[in-house]
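What the coordinates show
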Amino acid sequence: MSAALLDVVDLQVELITAGGVVRAVDGVSFTIGEGETVTVIGESGSGKSTTAMAVLGLLPDDLAVLSGSVRFGDTDVIAEPGALRAVRGRTVSLIPQDPMTALSPVHTIGRQLVEAVRLRRPELAKRDAEARAVELLDLVHVPRSTEQLGRYPHQLSGGMLQRVLIAIALAGEPRLLVADEPTSALDVTVQAGILGLLLELQESTGIGILMITHDLGVARLVSDRIHVMRDGRFVESGDVEAVVDHPSHEYTRKLLSAVPVLGPWDEDGTAAGGDR
Amino acid sequence: MAPYLFKRLGQSVLTVFLTISTVFVLIRMASGDPAAAYAGPLATTEDLAKIRAAFGLDRSVVEQYLLFLKGILTGDLGTSYSFRSPALDVVLDRLPFTITLAVAAILITTLVSVPLGVWMARRADTGRELGANVVTIAGQSMPDFWSGIMLLTVFAVLIPVLPASGFATWGGLVLPALTVAILQIALISRLVRSEMAKNLTAPYLTVARSRGVSERALVWRYAMTNSSIPVVTALGTRFASMLNGVVVVEVVFAWPGVGSLVVRALETRDYPLIQATVLVTAALAVTVQLLVDLAYPLLDPRVRLGKKVSA
Amino acid sequence: MSTTHPGPARVQRSGPGPSAVTPKHLARAKITRQRRGSRLKLWAGLVCTLVVVIPVALARVLPLPGPDQQDLASRRLAPFTDGHLFGTDQLGRDLLSRVLHGGQVSLLVGLLAVVVSGLIGIVLGAAAGYFGGWIDTVVSRLLEAQLSLPLLMMLLLVVALFGPSIPVITFVIAIAQWPEVARLTRSLVLVEREKPYVAAARVLGLHRLAILLRHVLPNVVKQASLVVLLLLAQAVLLESALSYLGAGPQRPFATWGRIISDGQDYITTSWWMVTLPGLVIVALVVGVNLLGDGLRDRARRRKVSTS
């Protein structure tokens, strides 16, 4: 079995809030191997986004206390927080939830993309870095890529911005992508395109994906393995078909049954379907 | 762009017009005879009548108002009673001094409050930042005339490093500009702090951090650039209120600008001079405001390039 | 069915683990520091304000010589001489007494001005925000115009023309301050107007004015009142600037600005005549500002935690 890209053991995240110490993540463990997509699915407040942020070390020091271990290869970023700088962008990259607020509004797309390229390859001259930036935009199927370099974030639609963000994430040549609800803020019609792009990239580069979502449809489409999260813990884990077709935990069943199913229209107004 | 420009220009002209008309009305409403003020206590009735005729004070109020408006358009704002020369010229002679003082104060303000605000934002809610917070609150709580007198006493009298008054040398600019700057520094540094704090916790900054951008670049390239827009606009907008402080400071330091001029004009009931001063200062303040409003699209790409590009 | 995680066998927790939060973490947490900061500000602000306000309020009752009581034998005495806590001025008048009695006038003027500007500002701002249309246009133009003008000059002019009496000075300061109240009220009302309860009230048939007065305003006034506190500080500063320039009230007592300008000529020989009254102003204004800051921090935190 291939070496794990990410190995999380007993991750615990406690948040010091106005209402006291809240245990947002209560001891979760999972692994992601090369070319795998692992999904953490749960409702709002289940702790799934907090898990993703904790893995990347993006929770503020004065708010969150982390325990357990989060290993990228040999490096445990909880034991050695200083190692995060080397890991961020290079080993693992983030694809954020809301593309409209994920980029600096007063800098051009090109500026931010080229900066990401040069962070990874500081030896590149400006023109070469720009060429690489255009390459990346083409990779994520952004039309008229050279033009887009000079545009500002507010000039692009949500779907386009998300592609740009994926390009920026890829600029670091990471082995793992953490996708924090990447399609939640997008129209349904655009979602499929983004998910398709992620799958395509995974096939061609063997990159691993940690997908965070509340949407069962998304999970089914992209995952190899799935963890169902609730109140900070995993209540069920397994291969996606196994969990979805034969859920063993009560909560998983409730989650699955919450998806409305269309049935035939009735003359007297009662619609069939609903609970499975 | 062009229709917006005309609209703003029209608004500015209207504002100045309203201001100067209000001054005109106020002066006419007051008790006291301007002719008597001009002529002095030893004037005879004939003298007063002659003066009234010369200044048009014997005409109806409406006629006076129309003459007054005509005068503005032709650049003739009457003759100053106390200086015995055209009021507009008297004001324009002293305007450069006030502008120098204002510009110096803005420069000092920017140089101090930006680093201070950034420092405060990066250490938000720590003990040291709380101390700095209290210092800025103190800065905006000191009456400007009092801090002026204190600075004057310490640096010009007790330790005679700087000149006490007037503008004989460039050194004379230091204390007055510093005094005006104290309040502005307090206010602008707090603005910088809150804008920086907002940007340092913004989603785009977290995302930038996630791809390994250095802390230094996060603060100075991303947060600072985003914060600079509201700060620059605030600096421009504060110009008018800064002129208030300038009036008092000019009196304390006997600075030969427009502020000390208007105080003297009020004491001597020199109405043409008062009107001229108000007109010029209002025009100046309104112009600065207009320039700031027009500069805004240049700074902020979201305003400059509104439309979404379909892709 | 759940599968075990791939990889070498590892000891994993089955239940919740122990908390890793240490007292050091709690002490350094952002929420703790914020709470501590605003608590400090509130207390310090309250103390500073009361240190000035209480003696001023009790001025007539305290065992001090009258503020206009001259004693040419005791001219320009240093502080703490002969029972004069603040010393005396060039006419032998007890400085502390002058400061406290003048303070009564300053505070009175400040309070009145804030009340008047508060009323005007809330009424106009709420009307502009709620009814929109031409009311909003007129009020907004007035706001813009006034904010871009050299206000102090106009105020000095009014005082020069109509005399430095308390009503005139109060009116003048109120004119200077109503825009800030109006602007805040207007934007608060604009936000409230879009909330569902307003639409619900309209559906129930309530007249627009009734909705404004009985429902919208109470929600808005609480936030607006914080600004009013800070305006009091500003009013005191403005009053002292006016009185320094000779445009302050003369009767019944000279106020702080005037006391300072009187003492200016003697600054090198009798520093207390300028420094001490100034420190009193600073103490009061700092106190009020700290209070306002602390309250605003607390209100902001409460809003964040409920969102």
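Residues numbered from 1 in each chain as written. Chains lettered and ligands numbered in written order. Predicted model: local features only at pLDDT ≥ 70, side-chain atom pairs only at ≥ 80, totals over all residues. Heavy atoms only, no water.

The next subject is the overall build of chain C. When helices and strands are counted, chain C shows 10 helices and 0 strands. Reading the secondary structure of chain C in the N-to-C direction produces α-α-α-α-α-α-α-α-α-α. Scaling as 2.2 N^0.38, a compact globule of 307 residues should have a C-alpha radius of gyration of about 19 Å, whereas chain C reaches 27 Å, well beyond that. Viewed in the frame of its principal axes, chain C has a C-alpha envelope of about 100 × 60 × 35 Å. Looking at chain C as a whole, 49% of its 307 residues qualify as buried. For chain C, contacts bridging at least 24 residues in sequence account for 73% of all contacts bridging at least 6. When the accessible surface of chain C is totalled, it reaches about 15,000 Å², and 66% of it is carbon and sulfur. (Helix = DSSP H or I, 4+ residues; strand = E, 2+ residues; numbered from the N terminus. Rg over C-alpha atoms; globule rule 2.2 N^0.38 Å. Buried < 20%, exposed > 50% of the residue type's maximum accessible area, 1.4 Å probe, protein only. Contact = heavy atoms within 4.5 Å. Areas by Shrake-Rupley, 256 points an atom, 1.4 Å probe, with all protein chains shown as cover.)

Here we take up the environment of Gln250 of chain C. Its location among the elements puts Gln250 of chain C in the loop between helix H8 (208-244) and helix H9 (256-263). Here Gln250 of chain C is in contact with Pro164 and Arg258 of chain C, once residues within four sequence places are set aside.

Where strands meet in a sheet, backbone hydrogen bonds hold them as pairs that are either parallel or antiparallel. Residue and element names in this part refer to chain A. Strand order in the open sheet formed by 4 strands is E2-E1-E4-E5, and the pairing between neighbours is antiparallel. At either margin of the open sheet sits one strand with a lone partner, and together these are strand E2 (20-33) and strand E5 (75-76). Relative to strand E4 (residues 64-72), strand E1 (residues 4-17) runs antiparallel, the two being bridged by 8 bridges. Considered in E4, the bridge of Glu14 is made with Val65. (Pairing = 2+ DSSP bridges.)

What follows concerns the packing of helix H7 (residues 196-203) of chain C against H8 of chain C. Residue and element names in this part refer to chain C. Two elements in contact, H7 and H8, have axes separated by 10 Å at closest approach and are oriented at 155 degrees. One finds that H7 runs roughly antiparallel with respect to H8. Taken as a pair, H7 and H8 cross one another with a handedness that is right-handed. Note on element contacts: H8 touches H7 through Arg208, Ile211, His215, Val216 and Asn219, opposite Tyr197, Val198, Ala201 and Arg202. (Axes fitted to C-alpha atoms, helices over the stretch in contact; angles between N-to-C directions. Parallel < 35°, antiparallel > 145°, perpendicular 65-115°, else oblique. Left-handed = near helix turned anticlockwise from the far one by under 90°.)

Before going further, it helps to spend a moment on the interface of chain C and chain B. The interface of chain C with chain B comprises 44 residues on the first partner and 48 residues on the second. Interface area, chain C with chain B, both sides summed: about 3,900 Å², of which 77% is carbon and sulfur. The partner of Arg190 of chain B in a salt bridge is Asp293 of chain C, with the nearest N and O atoms 2.6 Å apart. Put simply, chain C and chain B have 7 residue pairs in polar contact (both at pLDDT 80 or more) between them. Those elements that provide at least two residues to the side of chain C that touches chain B are helix H2 (30-57), helix H4 (133-147), helix H5 (151-162), H8, H9 and helix H10 (272-306) of chain C. Of the residues forming the side of chain C that touches chain B, the biggest block, 11 residues, is contributed by H10 of chain C. Considered class by class, the residues forming the side of chain C that touches chain B number 28 nonpolar, 10 polar and 6 charged. (Buried area = accessible area lost by both parts, 1.4 Å probe. Salt bridge = Lys/Arg side-chain N within 4 Å of Asp/Glu carboxyl O. Polar contact = N/O pair within 3.5 Å; in protein donor to acceptor, adjacent residues only side chain to side chain. Nonpolar A, V, L, I, M, F, W, Y, C, P; charged D, E, K, R; others polar.)

So, on to a nonpolar patch on the surface. All names here are of chain C. A contiguous nonpolar surface patch, about 660 Å² in accessible area, is contributed by Trp43, Leu46, Leu50, Ile54, Leu58, Val61 and Leu62. Here Ile54 lies in helix H2. On the basis of relative accessibility, which here comes to 43%, the residue Ile54 falls in the partly exposed class. (Patch = residues over 30% accessible without salt bridge, like charges linked within 9 Å, V, L, I, M, F, W, Y side chains within 5 Å.)

The biggest cluster of nonpolar side chains holds 129 residues, and the ones touching the most others in it are Leu156 and Trp256 of chain C. At 16 residues, H8 of chain C tops the list of elements feeding residues into this core. What Trp256 of chain C contacts, discounting residues up to four positions off in sequence, is Val52, Val56, Val99, Gly102, Gly103, Ser106, Val236, Ser243, Val280, Ile281 and Leu284 of chain C. Membership of the second largest hydrophobic core comes to 77 residues, among which are Ala129, Leu149, Val178 and Ile207 of chain A. (Core = buried A, V, L, I, M, F, W, Y, C linked by side-chain atoms within 4.5 Å.)

Residues and elements named next belong to chain A. If you walk through the whole model with that rule in mind, you get 5 aromatic pairs over all chains. Aromatic side chains Phe30 and Phe234 sit 6.0 Å apart centroid to centroid with 50 degrees between the ring planes, which places their arrangement in the tilted category. Of this pair, Phe30 sits in strand E2 while Phe234 sits in strand E10 (residues 233-239), and the two are 204 residues apart along the sequence. Phe30 sits in the buried class, given a relative accessible area of 1%. (Phe/Tyr/Trp six-rings, centres within 6.5 Å; stacked < 30°, edge-to-face > 60°.)

Time to look at helix H4 (residues 61-74) of chain B. Residues and elements named next belong to chain B. Between the first and last C-alpha of H4 there are 20 Å, a value that for 14 residues agrees with the 20 Å anticipated at 1.5 Å per step. Within the span of H4, buried status applies to Gln64, Phe68 and Gly71. Down the axis of H4, the buried side of the element spans an arc of 60 degrees, and every buried residue falls inside it. In H4, those exposed residues whose orientation departs by more than 90 degrees from the buried face are Val62, Leu66, Lys70, Leu73 and Thr74. (Expected span 1.5 Å × (residues − 1). Arc of directions from axis to C-beta.)

A few words on the pairing of strand E3 (residues 37-41) of chain A. All names here are of chain A. In terms of burial, E3 is largely enclosed, as 5 of its 5 residues are buried. Burial of E3 is two-sided: the residues Thr37, Thr39 and Ile41 facing one way and the residues Val38 and Val40 facing the other way are all buried. Where E3 and strand E8 (residues 208-213) come together, 5 bridges link them in parallel fashion. Residue Thr39 lies in a different strand from E8, and its bridge partner there is Met211.

Time to look at the side chain of Glu250 of chain B. Residues and elements named next belong to chain B. Topologically, Glu250 is positioned in helix H10 (residues 215-253). We note that Glu250 is buried and unpaired, the nearest opposite charge coming from Arg94 at a distance of 6.0 Å. From its side chain, Glu250 meets the backbone nitrogen of Val258 in a polar contact 3.3 Å long. Those residues within four positions of Glu250 in sequence are excluded, and the remaining contacts are Thr98, Leu101, Trp255, Gly257, Val258, Gly259 and Ser260. (Lys, Arg positive; Asp, Glu negative; His and termini not counted.)

All right, on to the side chain of Glu14 of chain A then. Its place among the elements puts Glu14 of chain A in strand E1. A polar atom in the side chain of Glu14 of chain A sits 3.3 Å from the side chain of Gln12 of chain A. Looking at Glu14 of chain A, its side chain comes within polar contact range of the main-chain nitrogen of Ala20 of chain C, at 2.9 Å. Excluding residues within four positions of it along the chain, Glu14 of chain A makes contact with Val21, Val22, Arg23, Leu63, Ala64 and Val65 of chain A together with Ser19, Ala20 and Val21 of chain C.

Summed over all chains, the structure comprises 32 salt bridges over all chains. Residue Asp297 of chain C is joined to Lys41 of chain C by a salt bridge in which the shortest nitrogen-to-oxygen separation is 2.9 Å. With Asp297 of chain C in helix H10 and Lys41 of chain C in helix H2, this residue pair connects regions lying 256 residues apart in the sequence. Here Asp136 of chain C ties to Arg186 of chain C by a salt bridge, and the two come within 2.8 Å at their closest N and O atoms. With Asp136 of chain C in helix H4 and Arg186 of chain C in helix H6 (residues 166-193), this pair connects stretches of sequence that are 50 residues apart. Connected via shared salt-bridge partners are Arg190 of chain B together with Lys41, Asp293, Arg296 and Asp297 of chain C.

Everything listed here is a matter of coordinates, which is why it stays silent on function.
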